[in-house]
Amino acid sequence: MSYEMVQVRKYVWEAIGWIGALFSLLAFSLNSFGVISSQSVNYLGMNIAGCFFMILYALSKKAHASWVLNTIFLLMAVIALVRVYTMH
C-alpha cells in the first residue's frame, strides 16, 4: 500500500472518530440545555450514531476499553429507542 493510501486511510478513521464524538457531544449538549428530551428519538438516534462511529474508531485503534464502553452505551440507547416506539 502506498504512503498516500496509508495517509488517506488514517484521515478517514480520524474523521469517523470525530464524527462520532460530535454526534455524542451534540446529543448531550442539546439534552443538557433542555432542547431535546433524553427519551426523544433525536437524542437516542444521535447517541446511537455517535457510539457506532466511536466503536469503529476504537476498533481501528485497538482501544478495547473504548469500544466495549461504547458498545454498552449503544445497546442501552437501542433498548431505550425500542421502548420509546413500543410505549406509543
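Residues numbered from 1 in each chain as written. Predicted model: local features only at pLDDT ≥ 70, side-chain atom pairs only at ≥ 80, totals over all residues. Heavy atoms only, no water.

Draft legend 1. How the structure looks around the packing of aromatic side chains. Counting across every chain of the model gives two aromatic pairs. Measuring from centroid to centroid gives 6.3 Å for Phe 23 and Phe 53, while their planes differ by 20 degrees, and the two rings are stacked. Of this pair, Phe 23 sits in helix H1 (residues 3-32) while Phe 53 sits in helix H2 (residues 41-61), placing them 30 residues apart in sequence. Judged by relative accessible area, which is 31%, Phe 23 ranks as partly exposed. Relative to Phe 53, the ring of Phe 52 has its centre 5.8 Å away and its plane inclined at 65 degrees; by these criteria the two rings are edge-to-face. Of the residues examined, Phe 53 reaches a relative accessible area of 24% and is grouped as partly exposed. The rings of Phe 23, Phe 52 and Phe 53 are connected pair by pair, giving a single aromatic cluster. (Phe/Tyr/Trp six-rings, centres within 6.5 Å; stacked < 30°, edge-to-face > 60°. Helix = DSSP H or I, 4+ residues; strand = E, 2+ residues; numbered from the N terminus. Buried < 20%, exposed > 50% of the residue type's maximum accessible area, 1.4 Å probe, protein only.)

Draft legend 2. Representation of the environment of Ile 19. Summarising the element assignment, Ile 19 is placed in helix H1. With 16 residues separating them in the primary sequence, Ile 19 and Tyr 3 have C-alpha atoms 24 Å apart.

Draft legend 3. View of the packing of H1 against H2. Two elements in contact, H1 and H2, have axes separated by 7 Å at closest approach and are oriented at 150 degrees. Between H1 and H2, the angle falls in the class roughly antiparallel. The interaxial crossing formed by H1 with H2 has left-handed handedness. Its residues assigned to classes, the contact of H1 with H2 shows 17 nonpolar, seven polar and two charged. (Axes fitted to C-alpha atoms, helices over the stretch in contact; angles between N-to-C directions. Parallel < 35°, antiparallel > 145°, perpendicular 65-115°, else oblique. Left-handed = near helix turned anticlockwise from the far one by under 90°. Nonpolar A, V, L, I, M, F, W, Y, C, P; charged D, E, K, R; others polar.)

Draft legend 4. Seen up close, the nonpolar core. Core analysis: the largest hydrophobic core is formed by 13 residues, its most contacted members being Tyr 43, Leu 44, Ile 48 and Leu 74. Among the elements of the structure, H2 and helix H3 (64-87) are those that each provide at least two residues to this core. Ranked by residues supplied to this core, first place goes to H2 with six residues. Beyond its immediate chain neighbours, meaning those up to four positions away, Ile 48 contacts Leu 74, Ala 77, Val 78 and Leu 81. (Core = buried A, V, L, I, M, F, W, Y, C linked by side-chain atoms within 4.5 Å. Contact = heavy atoms within 4.5 Å.)

Draft legend 5. Seen up close, the layout of surface pockets. Its volume calculated, the largest pocket comes out at about 180 Å³. Around the largest pocket, the lining residues are Ser 24, Tyr 43, Asn 47, Cys 51, Met 54, Leu 69, Asn 70, Phe 73, Met 76 and Ala 77. Those elements that provide at least two residues to the lining of the largest pocket are H2 and H3. Considering each element in turn, the lining of the largest pocket owes the most residues, five residues, to H3. Residue classes in the lining of the largest pocket are distributed as seven nonpolar, three polar and no charged. (1 Å grid on protein atoms, 1.4 Å probe; cavity = no way out; pocket = protein on both sides within 12 Å on 5 of 7 lines; lining within 4 Å. Points joined across faces, edges and corners; volume = space filled by probe spheres on them.)

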